[in-house]
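Notes for the structure review
Each chain, written out:
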Amino acid sequence: MLNKWTFRGLKLAKEISTWSKDPSTKVGSVILDQNHRVISVGFNGYPKGCNDDGMENREEKYKKVLHSEINAILFAKQDLKNCTIYVYPMPPCCRCAGAIIQSGISSIITLEPSPEQYERWGDDFDIAYKMYQERNVHFMQYSISEFDEECLKDKNNGN
Ligand SMILES: [Zn+2]
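Read on for a plain summary of the structure. As the structure is a prediction and not an experimental result, all values here were calculated from the model.

Reading the values: rules and limits
Residues numbered from 1 in each chain as written. Predicted model: local features only at pLDDT ≥ 70, side-chain atom pairs only at ≥ 80, totals over all residues. Helix = DSSP H or I, 4+ residues; strand = E, 2+ residues; numbered from the N terminus. Rg over C-alpha atoms; globule rule 2.2 N^0.38 Å. Buried ≥ 20, exposed ≤ 12 C-beta atoms within 10 Å, placed from the backbone. Contact = placed C-beta atoms within 7 Å. Axes fitted to C-alpha atoms, helices over the stretch in contact; angles between N-to-C directions. Parallel < 35°, antiparallel > 145°, perpendicular 65-115°, else oblique. Left-handed = near helix turned anticlockwise from the far one by under 90°. Nonpolar A, V, L, I, M, F, W, Y, C, P; charged D, E, K, R; others polar.

Along its length, the chain carries six helices and five strands. For the chain, the α and β elements follow one another from N to C terminus as α-β-β-α-α-β-α-β-α-β-α. Here the C-alpha atoms of the chain give a radius of gyration of 15 Å, agreeing with the 15 Å that 2.2 N^0.38 yields for 159 residues. Dimensions of the chain, computed from C-alpha atoms along their principal axes, come out at roughly 40 × 35 × 30 Å. Expressed as a percentage of the 159 residues in the chain, the buried residues total 33%. Counting only contacts in the chain whose residues sit at least 6 apart along the sequence, the fraction spanning at least 24 positions is 61%.

Below is the structure:
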């Protein structure tokens, strides 16, 4: 079972992910401080003002796009030391993991990658995981079924 703030963080990250214009991969990140205040949010997309008509072209997209985690870190207006980042629907890649660590964020909460996601980004997730261990960054991932179950309960409670 997910605790209240884990669920809230991931649910908000899920909502933010829908703001991405990327037709294939929509990722959302939310940064909360230790008092659970929302410090920043981000979704994957092109830098501000860059033409995003070419979102279908994978090759170009990969080179131009900023990941949700980086956007959330860049838009934050304060020190991120000891904050928590919630990332939906899969763990950060190793580039983002490096930026997260460098920003001072101390905790990462996300969902387990699907087999398909793991096939594409498994190497990245593995490298990132090693970095978290080296730097004592708290990393926690929940299964999508666990999360969906909480969403259903939440909905039945009228939220
Ligand atoms: Zn990334």
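Now that the structure is up, let's keep going.
A few words on the environment of Ala-72. Residue placement: Ala-72 occurs in helix 3 (residues 68-75). Considering only alpha carbons, one finds Ala-72 and Asn-3, 69 residues apart in sequence, at a separation of 23 Å. Here Ala-72 is in contact with Ser-29, Val-30, Ile-31, Ser-40, Val-41, Gly-42 and Ile-85, once residues within four sequence places are set aside.

So, on to the packing of helix 3 against helix 4 (residues 94-103). Helix packing geometry: the angle between the two helix axes and the distance between the axes. Running from N to C, helix 3 and helix 4 point in directions that differ by 25°, and their axes come no closer than 9 Å. Classified by the interaxial angle, the pair formed by helix 3 and helix 4 is roughly parallel. Seen from above, helix 3 lies across helix 4 with left-handed handedness. Contact residues: Glu-69, Ile-70 and Ile-73 in helix 3; Cys-96, Ala-99, Ile-100 and Ser-103 in helix 4. Its residues assigned to classes, the contact of helix 3 with helix 4 comprises five nonpolar, one polar and one charged.

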